[in-house]
Amino acid sequence: MSTATASRGAGSAAGQSAAPPNARRKSRRDNLHGWGFSAPFLAFFALFLVWPIVYGFYMSLTGKSLTGANGELLGFANYTEAFQDPDLWQSLGNTLYFTVISTVPLVVIALAMAALVNMGLPAQWLWRLAFFSPYLLASTVVSLFFTWMYNPQLGLINDILSKVGIPPVAWLNDPKVAMWAIVIATVWWTVGFNFLLYLAAMQNIPQQHYEAASLDGAGGWRQFFSITLPQLGPTTVLIVILQVLASLKIFDQVYQMTQGGPAGTTRTIVQYIFETGFTGYRFGYSAAISYVFFALIIVVSCGQFFINRRRSL
């Protein structure tokens, strides 16, 4: 018995020793094919993402400027200046303020809109079109539209307010109101995307849950808070993350509607980076600010990731 077992073991060992060369050749061939298919993507990835990141960081360590400066190496002097720059902190504060006051309505209003459509209202296609179509507009169109609406003398909003006895409001010229005016325009413009995500998530909730709740005597509100909202948890997390990241990078509507005014109360960090580089001609300092902002986005993203991970455990 032991002799037969030994002979079988020797035969299998010989087969295994003969197989690896072919397997290795096939593995190398598969690897070459894989690298060949990946090479175009890797080339574009390195050219348009990795290299700009590396070169941008190098530029942030220099005094490069559009005025003809040769970009001498300054070390971390630009970063030291950035942390002591009051304009940077003001623009960063404006950005965080916009992010906080815009994220809440963009989540709550989108949820309410999706719930209304999901109730089975007649002419659902019309509701979906009305809620989502503003999202398809360009930022320039939305900015011009709301700039006309906010006009202190000729704007439709002040005209409606005057008919109910409310004095005209300088929507884009009052430091206390300007940011809220931009938030209103942004919510009207972008809430349709969040609405679509919520509606898709609601329609994927099994109807058996609602049928069982109805048999137990649960009404519509009870079903919404006990079934719909818990089932929408992952979608809400996704929307909040996407919205926070998008709000931190706001630039278009602010620049087109207020140019950062009045008195810098709506100037965001991205606009300050743009003005520093292309108006102040300080490319090196602008790059340093952008990397400080990039680090902030990384911190916010990691914080959201760990919070969501702890909730899922």
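In the block above lies the structure referred to throughout.
First, a word on what this report is: a plain description of the structure on this page. (Residues numbered from 1 in each chain as written. Predicted model: local features only at pLDDT ≥ 70, side-chain atom pairs only at ≥ 80, totals over all residues. Heavy atoms only, no water.)

1. Side note on the overall build of the protein chain
And then number 1: Helix and strand counts for the protein chain come out as 13 helices and 0 strands.
And then number 2: Counting from the amino terminus, helix and strand elements in the protein chain follow one another as α-α-α-α-α-α-α-α-α-α-α-α-α.
And then number 3: Principal axes of the C-alpha set define a box for the protein chain whose edges measure 105 × 75 × 30 Å.
And then number 4: Considering only intrachain contacts with a sequence separation of at least 6, the fraction spanning at least 24 residues in the protein chain is 65%.
And then number 5: Taking the 17 positively charged and 11 negatively charged side chains of the protein chain as two groups, their mean positions are separated by 20 Å. (Helix = DSSP H or I, 4+ residues; strand = E, 2+ residues; numbered from the N terminus. Contact = heavy atoms within 4.5 Å. Lys, Arg positive; Asp, Glu negative; His and termini not counted. Charge placed at Lys NZ, Arg CZ, Asp CG, Glu CD.)

2. Re the layout of surface pockets
And then number 1: Considering only enclosed or pocket space, the largest pocket measures out at about 380 Å³ in volume.
And then number 2: Lining the largest pocket we find 15 residues, and of these A115, M119, G220, F224 and T228 sit closest to its centre.
And then number 3: When residues in the lining of the largest pocket are grouped by element, the largest group, 6 residues, is from helix α3 (residues 86-118).
And then number 4: Split by residue class, the lining of the largest pocket holds 10 nonpolar, 5 polar and no charged.
And then number 5: Taken as a whole, the second largest pocket holds about 300 Å³ of empty space.
And then number 6: Breaking the lining of the second largest pocket down by element, the ones donating at least two residues are α7 (178-203), α10 (233-248) and α11 (252-257).
And then number 7: Here the residues of the lining of the second largest pocket sort into 8 nonpolar, 6 polar and 2 charged. (1 Å grid on protein atoms, 1.4 Å probe; cavity = no way out; pocket = protein on both sides within 12 Å on 5 of 7 lines; lining within 4 Å. Points joined across faces, edges and corners; volume = space filled by probe spheres on them. Nonpolar A, V, L, I, M, F, W, Y, C, P; charged D, E, K, R; others polar.)

3. Some thoughts on α7
And then number 1: The end-to-end C-alpha distance of α7, which contains 26 residues, comes to 38 Å, matching closely the 38 Å that a straight helix rising 1.5 Å per residue would cover.
And then number 2: Of all the bends in α7, the largest measures some 45° and sits at T190. (Expected span 1.5 Å × (residues − 1). Bend = angle between axes of the 7 residues up to and from the residue.)

4. A look at the packing of aromatic side chains
And then number 1: Going through the model one piece at a time under the given rule, you end up with 25 aromatic pairs.
And then number 2: Ring centres of F76 and Y79 lie 5.8 Å apart, and the angle between their planes is 50°; on these two criteria the pair is classed as tilted.
And then number 3: Between F83 and W89, the aromatic rings sit 6.3 Å apart at their centres with planes inclined by 40°, giving tilted as the arrangement.
And then number 4: One aromatic cluster is present, built from ring pairs that chain together F57, F76, Y79, Y291 and F294. (Phe/Tyr/Trp six-rings, centres within 6.5 Å; stacked < 30°, edge-to-face > 60°.)

5. Section: the nonpolar core
And then number 1: Counting 26 residues, the largest nonpolar core has F195, Y198 and M202 as its most contacted members.
And then number 2: Mapped onto this core, the elements with two or more residues apiece are α3 and α7.
And then number 3: If we ignore the near neighbours within four places in the chain, the residues touching Y198 are V107, A110, L111, A114, L232, T235, T236 and I239. (Core = buried A, V, L, I, M, F, W, Y, C linked by side-chain atoms within 4.5 Å. Buried < 20%, exposed > 50% of the residue type's maximum accessible area, 1.4 Å probe, protein only.)

6. Considerations on the side chain of S286
And then number 1: As for its position among the elements, S286 is in helix α13 (residues 283-312).
And then number 2: With a relative accessible area of 9%, S286 lands in the buried category.
And then number 3: Discounting chain neighbours no more than four positions away, the residues touching S286 are I273, T276 and G277.

7. Overview of unusual backbone geometry
And then number 1: Omega for the bond connecting G261 with P262 falls within 30 degrees of zero, at -5°, which places this linkage in the cis form.
And then number 2: Of note in the backbone geometry, Q259 takes a positive phi value of approximately 55° without being a glycine.
And then number 3: Position of Q259 relative to the elements: it lies in the loop between α11 and α12 (269-278).
And then number 4: Positive phi outside glycine occurs at A263, with the angle close to 55°.
And then number 5: Along the chain, the position of A263 falls in the loop between α11 and α12.
And then number 6: A263 sits in the exposed class, given a relative accessible area of 71%.

8. Some points on a nonpolar patch on the surface
And then number 1: Nonpolar side chains collect at one region of the surface, where W35, F41, L42, F45, L49, V50, W51, I53, V54, Y55, Y58 and L73 lie side by side and expose about 1,200 Å² of accessible area between them.
And then number 2: Within the secondary structure, V50 is located in helix α1 (residues 2-60). (Patch = residues over 30% accessible without salt bridge, like charges linked within 9 Å, V, L, I, M, F, W, Y side chains within 5 Å. Areas by Shrake-Rupley, 256 points an atom, 1.4 Å probe, with all protein chains shown as cover. Salt bridge = Lys/Arg side-chain N within 4 Å of Asp/Glu carboxyl O.)

9. As for the packing of helix α4 (residues 124-132) against α7
And then number 1: Two elements in contact, α4 and α7, have axes whose closest approach is 8 Å; the angle formed by their N-to-C orientations is 140°. For the element pair α4 / α7, the angle class is oblique. Residues R128, F131 and F132 of α4 form the contact with α7, whose own contacting residues are G192, F193, F195, L196, L199 and Q203.
And then number 2: A per-class count over the contact of α4 with α7 returns 6 nonpolar, 2 polar and 1 charged. (Axes fitted to C-alpha atoms, helices over the stretch in contact; angles between N-to-C directions. Parallel < 35°, antiparallel > 145°, perpendicular 65-115°, else oblique.)

10. As for the side chain of T266
And then number 1: Tracing the sequence through the fold places T266 in the loop between α11 and α12.
And then number 2: Given the relative accessible area of 0%, T266 is considered buried.
And then number 3: Looking at T266, its side chain comes within polar contact range of the main-chain oxygen of G260, at 3.2 Å.
And then number 4: Setting aside residues up to four positions removed in sequence, T266 forms contacts with N94, A178, M179, I182, V254, T258, G260 and G261. (Polar contact = N/O pair within 3.5 Å; in protein donor to acceptor, adjacent residues only side chain to side chain.)

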